[in-house]
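Here are the chains, one letter per residue:
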Amino acid sequence: MGILDIKACTKRFGGLVAVKDLNMALQPGDLYGLIGPNGAGKTTIFNLITGVYAPDEGSIELDGTAIHRWKPAAIARLGMSRTFQNIRLFQSMTVLENVKLARHMRKKQGLFDAIVRTEKLKEEEKEVEHDAYELLKIFNLDTRAHELASNLPYGSQRRLEITRALATKPKVLLLDEPAAGMNPQEARELMRLIQWSRDQFQITILLVEHNMQVVMGVCEKIQVVDYGETIALGSPREIQGDPKVIEAYLGGA
Amino acid sequence: MRKWIYWLVAIAALAGLQASLKGLIGAYNYQIVILVGINIILAVSLNLINGVTGQFSIGHAGFYAVGAYASASVVFYGGPSIRAAVAFLPAMAQDGVLLLMGSFAAAITAGLAGLAVGIPSLRLRGDYLAIVTLGFGEIIRVLILNLDVIGGSRGFSGIPQLSNFFWVYLAVLITIISIHNLVHSSYGRAFVSVRDDEIAAEAMGVDTTRIKVMSFVISSMFAGIAGSLFGHYTMYLHPNSFLFTTSFNIIIMIVIGGLGSIEGAVLGAILITIILEVFREFGAMRLVNFSILLVLIMLYRPQGLLGTWTLFKKRDRAAPAN
Amino acid sequence: MATFLQQLINGISQGSAYALIALGYTMVYGVLRLINFAHGDVYMFGAYMGFYLANNKWIQSNVGTSTAGAVVVMVGAMALSAGLGIVIERFAYRPGRSGARFTLAFWLGIVGAGIGHLVHPSLISLAIGALGGILVGVILEQTGLRPVRQNSRLSLLIIAIGVSLVLENGGQQVFGVDPKFFPQIISTTLWHVGELTIDSQKVIVLAVSILLMLLLNLFVKYTRTGKAMRAVSFNLDAARLMGINTDRIIALTFAIGSALAAAGGILVSLLYPKIDPLMGIMPGLKAFVAAVLGGIGNITGAMLGGLIVGMAEVMAVGYGQSTYRDAIAFIILILILLLKPAGIMGKGVVEKV
């Protein structure tokens, strides 16, 4: 049994079948790539896994628990975190606050503690802030901790999103095109950081990209989808030589 | 420990002012000061839901009314037996006990009303929430109009006067400090995360519906307390004091000051209460100018008069981004 | 049964008036995603314009007080209200969208006129005050003071509340606080059908409402401009990129919506002739409820919603719950939102992640 199991999932929007009979199995510690051309259904798969949509058919299990009817927040609490393709930071919060928010679901303080500012709350706040700083240091964002998230440059915003996701202490981390909009140099650096995070925090990472180069360099297993269906599954080397993949990417021209 | 000393000093100062204020500024100004206090509670509490959590409620007057009537009923009907139970206390302390019990009832009833409105409607999109809260306010008003035990359309008279400068401003202090603390806790971050991006908040494990309902209920409870203080000051309640124009006025207060900022809400409450009182004796033309001012502020300074300025040390809190 | 039918007739005519106001709400919401709180006050404005036109000596002597006179009054009031709608859009809502010029001049002009009139109650003084205000506005604008471009829907909503207050207070100032009585521009006949009594006024209200709604439907479905309007309401940015002058379409939407509200104002005044500057508040809110009920942004839905709200109210009053009359619309609203949040004719929208 894997850490994340998707079994025979199908999702339709009206007449359009966005995801068709999809299977996916991640083992603990995997760095798993999900690739496919634009419009292949990658983001829909992400939204199914994280509970934004419910699948029409099939099941999704996180660490042995069926989650495909759960709300996103509940799934996050169980140990799944994500980033978004079109960065979704909390714009009016500072960098530090964005990271601290990720700890809300594990808070020990009650409403009373919050309103009266008890010692218990102050200690917890101190601890949360300390942890958040540690994470920010790793991702080289600590010097800008008190700036508004919206004031960060693009690349830093992407890094902050990953930091925030990691702060929830997930079992599985989903990254939706983390290198989008980055130059090759930045992308390579980010990939190293992702690999390092997987080892350091002992988590499983599922990465969506449509840039093949990025994924090839970092993922150990890759699944290729097109029109909502799996067309190939294997190691980067196997995928690179797969004629179906080449055709999907070149548009069969 | 220091906390308690601060509170004792504040209470002593309030008591001292209570004894001398009316003589110093006259009865008319004293009444305005009381109204300012009540409006500060209303504005700061509405700011929690509208400014901090980013939901748009335009029915705050409904919860204000619920609190006012709940407290007035408890004191009017239960007053004698409560007084008998605490007969050993001096008269002033008896008044205090009555007011506290009334305000407690007000907070609970208004909170329950908030829960009843919030649970179904906070799942809805912003505009719908706005109109549901407005509708709720109107329904409450019509219900009160039809309830004869609390005066119906004649109004509720014979409410004992229990609140005064001391109690109102003690409540103002408690409201401001509670909400300030709340906003700077983990809950506060959750409120703001819902305002900034609900989808991201959900993905970070924040149960957004729960957070919205929580913010809504807390906000309603404080509105209820404001209602209690109002009823026990004016000694008379009428449903027409709680028209939706009352809700609009509270919204204007928090917007003028700067949405999301407690200081802004306080400033807005002071300004608007005074302006409305001063305008009362002049014609509609002054009110026209007042409304135009509102439009112009929204057009030329949508972040409000204070914007992101803050009185306290900047502890990682900013105003909403548009 | 007879009472029921009687109530049904009353309900339909009341409902068709709500429907006319609801149309304006729904159309504006369609293009701007804005609850235009000032809309109810445009309805009030329309009724007053009708009142002044009907009492106008020139119209009375040149057009007469016959059907022709009534039509002139109606069309005139609709045109004036359409103008008001355009002005509101141009100076209150557009500035946040595309930084419209002379905004400050416009508003300060009104303030100046008020002050001028306060200083000395004469037209000259009012005009001088207005000119002064406009001048100050223009000068300030020259120094670089421009409206902030923003599309926060919350600010827009508050501006709408502000405009509504301007119209209500302005109405009290200009039209007077005391109610006025709308003249009988069309004579009444009572028809007796069996036990039923049908008032010709009610039939006229219904007929005119249906006619206007029919015209609107034809306009939106079959004309170029109507299609542009639907495009804007579908996606404003895309419509702009397709070369549609969105500002013009939005202005037109306000004009049509306001004209319909004015028609509603006059028709209701035929049935209930007492008019006052705050008369628009409640019908405005209820019409909004009607729009939500039908599925906001949906024209057919608004008509349906108006009929349902009007009917429910009249029925409730007819069957002895008159004190709850004002709450009924809102109770319906809350029920609908709980059961079918998108409204009867609306479609749910999935947010893109």
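Residues numbered from 1 in each chain as written. Chains lettered and ligands numbered in written order. Predicted model: local features only at pLDDT ≥ 70, side-chain atom pairs only at ≥ 80, totals over all residues. Heavy atoms only, no water.

Caption draft 1: Quick look at the overall build of chain C. Looking only at helices and strands, chain C features 14 helices and four strands. Against the globule reference of 20 Å for 353 residues, chain C gives a C-alpha radius of gyration of 21 Å, in line with a compact fold. For chain C, the spread of C-alpha atoms along the principal axes amounts to about 75 × 60 × 40 Å. When the accessible surface of chain C is totalled, it reaches about 15,600 Å², and 68% of it is carbon and sulfur. Here chain C holds 23 positive side-chain charges and 13 negative ones, and the gap between their average locations is 12 Å. (Helix = DSSP H or I, 4+ residues; strand = E, 2+ residues; numbered from the N terminus. Rg over C-alpha atoms; globule rule 2.2 N^0.38 Å. Areas by Shrake-Rupley, 256 points an atom, 1.4 Å probe, with all protein chains shown as cover. Lys, Arg positive; Asp, Glu negative; His and termini not counted. Charge placed at Lys NZ, Arg CZ, Asp CG, Glu CD.)

Caption draft 2: Representation of the environment of Thr53 of chain B in the model. All names here are of chain B. With respect to the helices and strands, Thr53 occurs in the loop between helix 1 (2-52) and helix 2 (60-85). Note: C-alpha distance between Thr53 and Lys212 (159 residues apart in sequence) is 6.9 Å. Those residues within four positions of Thr53 in sequence are excluded, and the remaining contacts are Leu48, Phe191, Val194, Arg195, Lys212 and Ser215. There is a polar contact of 2.8 Å between the side chain of Thr53 and the backbone oxygen of Leu48. (Contact = heavy atoms within 4.5 Å. Polar contact = N/O pair within 3.5 Å; in protein donor to acceptor, adjacent residues only side chain to side chain.)

Caption draft 3: Examining the sheet that holds strand 9 (residues 221-226) of chain A more closely. Residue and element names in this part refer to chain A. Spatially, six strands are ordered 6-7-8-3-9-10 in an open sheet, and the strand pairing comes out mixed. The open sheet terminates on both sides in strands that have one partner only, identified here as strand 6 (80-82) and strand 10 (229-234). This sheet shows a mean twist of 20° between the axes of neighbouring strands, independent of strand direction. Relative to strand 10, strand 9 is paired through five bridges, and the arrangement is antiparallel. The residue bridging Ile222 from the neighbouring strand is Gly234, located in strand 10. Across the face of the sheet, helix 6 (residues 154-167) comes into contact with strand 6 and strand 7 (172-176) while running at roughly 160° to strand 7. (Pairing = 2+ DSSP bridges. Axes fitted to C-alpha atoms, helices over the stretch in contact; angles between N-to-C directions.)

Caption draft 4: View of the interface of chain B and chain C. Across the boundary between the two partners, chain B contributes 43 residues, which contact 57 residues of chain C. Between chain B and chain C, roughly 4,500 Å² of surface is buried when both sides are summed, and carbon and sulfur atoms account for 80% of that area. Among the residues of chain B in contact with chain C, Tyr128, Leu299 and Tyr300 of chain B are the three that bury the most area, contributing 16% of the side total. Here chain B and chain C share zero salt bridges between them. On inspection of chain B and its partner chain C, the count reaches three residue pairs in polar contact (both at pLDDT 80 or more). Contributions of two or more residues to the side of chain B that touches chain C are made by helix 4 (126-146), helix 9 (244-257) and helix 11 (284-300) of chain B. (Buried area = accessible area lost by both parts, 1.4 Å probe. Salt bridge = Lys/Arg side-chain N within 4 Å of Asp/Glu carboxyl O.)

Caption draft 5: Highlighting unusual backbone geometry. Positive phi, normally seen in glycine, also occurs at Ala8 of chain A, with a value near 50°. Counting through the fold element by element, Ala8 of chain A comes out in strand 1 (residues 4-13). Despite not being glycine, Arg33 of chain C has its phi angle at roughly 55°, a positive value. The topology assignment puts Arg33 of chain C in the loop between helix 1 (2-32) and helix 2 (39-54).

Caption draft 6: Highlighting the confidence of the model for chain C. Of the residues in chain C, 95% have a pLDDT of 70 or more, and the chain-wide mean is 85. Predicted complex metrics record ipTM = 0.90 and pTM = 0.88. (pLDDT = per-residue confidence, 0-100.)

Caption draft 7: Representation of the pairing of strand 2 (residues 190-193) of chain C within the structure. All names here are of chain C. Both strand 2 and strand 3 (residues 196-199) contribute to a ladder of four bridges, which runs antiparallel. Note that in strand 3 the partner of Val193 across the bridge is Leu196. Turn length for the strand 2-strand 3 hairpin, with the two strands adjacent in sequence and antiparallel, is two residues, and the turn residue Gly194 shows positive phi of about 60°.

Caption draft 8: Broad picture of the packing of aromatic side chains. This structure, assessed with the given rule, holds 24 aromatic pairs over all chains. With a centroid separation of 5.1 Å and an interplanar angle of 80°, the aromatic rings of Tyr64 of chain B and Phe242 of chain B are classed as edge-to-face. A residue pair is termed long-range when its members are at least 10 positions apart, and Tyr64 of chain B in helix 2 and Phe242 of chain B in the loop between strand 2 (236-237) and helix 9 qualify at 178 residues. Comparing Tyr64 of chain B with Phe242 of chain B, the two get one shared label, buried. Every member of this aromatic cluster is reached through a ring pair, and the members are Tyr64, Tyr69, Phe76, Tyr77, Phe156, Phe230 and Phe242 of chain B. In this structure, Arg164 of chain A packs its charged tip against the face of Phe90 of chain A, placed 4.7 Å from the ring centre. One cation-aromatic arrangement involves Arg101 of chain C over Phe102 of chain C; the distance from NZ or CZ to the ring centre is 5.1 Å. (Phe/Tyr/Trp six-rings, centres within 6.5 Å; stacked < 30°, edge-to-face > 60°. Buried < 20%, exposed > 50% of the residue type's maximum accessible area, 1.4 Å probe, protein only. Lys NZ or Arg CZ within 6 Å of the ring centre and 35° of its normal.)

Caption draft 9: How the structure looks around a nonpolar patch on the surface. Taken together, the side chains of Phe104, Ile108, Leu112, Leu115 and Ile119 of chain B make up a nonpolar region of the molecular surface, amounting to roughly 480 Å² of accessible area. On the secondary structure map, Phe104 of chain B appears in helix 3 (residues 91-121). (Patch = residues over 30% accessible without salt bridge, like charges linked within 9 Å, V, L, I, M, F, W, Y side chains within 5 Å.)

Caption draft 10: Inspection of the packing of helix 9 of chain B against helix 10 (residues 262-279) of chain B at higher detail. Residues and elements named next belong to chain B. Where helix 9 contacts helix 10, the two axes come as close as 7 Å, and the packing angle between them is 125°. Between helix 9 and helix 10, the interaxial angle falls into the category oblique. Considering how the two elements wind past one another, helix 9 and helix 10 form a crossing that is right-handed. Between helix 9 and helix 10, the residues in contact are Asn249, Ile252, Met253, Ile254, Ile256 and Gly257 and Gly264, Ala265, Gly268, Ala269, Ile272, Thr273 and Leu276, respectively. Residue classes in the contact of helix 9 with helix 10 are distributed as eight nonpolar, five polar and no charged. (Parallel < 35°, antiparallel > 145°, perpendicular 65-115°, else oblique. Left-handed = near helix turned anticlockwise from the far one by under 90°. Nonpolar A, V, L, I, M, F, W, Y, C, P; charged D, E, K, R; others polar.)

Caption draft 11: A look at the nonpolar core. Phe37, Tyr93, Trp107 and Val163 of chain C are the most contacted members of the largest nonpolar core, which has 271 residues in total. The element best represented in this core is helix 1 of chain B, accounting for 16 residues. With residues up to four places along the chain from it excluded, the contact list for Tyr93 of chain C reads Leu32, Leu34, Asn36, Ala38, Ile88, Leu156, Ile159, Ala160, Val163 and Phe254 of chain C. (Core = buried A, V, L, I, M, F, W, Y, C linked by side-chain atoms within 4.5 Å.)

Caption draft 12: Broad picture of the sheet that holds strand 1 of chain A. Residue and element names in this part refer to chain A. Pairing is antiparallel in the open sheet, where four strands are placed in the order 2-1-4-5. The sheet is open, and its two edges are formed by strand 2 (16-26) and strand 5 (65-66), each paired on a single side. Direction of pairing for strand 1 relative to strand 4 (residues 57-62): antiparallel, over a ladder of five bridges. Paired with Lys7 across the two strands is Ser59, which belongs to strand 4. In the packing of helix 1 (residues 42-49) onto the sheet, the strands contacted are strand 1, strand 2 and strand 4, and the crossing angle to strand 2 comes to about 65°.

Caption draft 13: Inspection of the environment of Leu48 of chain A at higher detail. Residues and elements named next belong to chain A. Mapped onto the elements of the fold, Leu48 is located in helix 1. For Leu48 and Leu101, which are 53 residues apart along the polypeptide, the C-alpha to C-alpha distance reads 23 Å. Residue contacts for Leu48: discarding those within four places in its chain leaves Lys11, Val19, Tyr53, Ala54, Pro55 and Ile60.

Caption draft 14: Quick look at the packing of helix 2 of chain C against helix 4 (residues 67-98) of chain C. Residues and elements named next belong to chain C. Axis separation between helix 2 and helix 4 bottoms out at 8 Å; the angle between their running directions is 140°. Put simply, helix 2 runs oblique to helix 4. Regarding helix 2 and helix 4, the two cross each other, and that crossing is right-handed. For the pair helix 2 and helix 4, the contacting residues are Val42, Phe45, Gly46, Met49, Gly50, Leu53 and Ala54 in the first and Val73, Gly76, Ala77, Leu80, Ser81, Leu84 and Ile88 in the second. Its residues assigned to classes, the contact of helix 2 with helix 4 shows 10 nonpolar, four polar and no charged.

Caption draft 15: Structural view of the side chain of Arg103 of chain A. Residues and elements named next belong to chain A. As for its position among the elements, Arg103 is in the loop between helix 3 (95-101) and helix 4 (111-116). Take Arg103: its relative accessible area is 13%, and that puts it in the buried class. Reaching out from Arg103, the side chain makes a polar contact with the side chain of Asp131 at a distance of 2.7 Å. If we skip the residues at most four places from it in the chain, Arg103 touches Glu127, Val128, Asp131, Ala167 and Lys169.

Caption draft 16: Fine view of the environment of Asp247 of chain C. Residues and elements named next belong to chain C. Here Asp247 lies in helix 11 (residues 246-271). Residues Asp247 and Val232 lie 15 residues apart in sequence; the distance between their C-alpha atoms is 9.8 Å. Reaching out from Asp247, the side chain makes a polar contact with the side chain of Ser98 at a distance of 3.3 Å.

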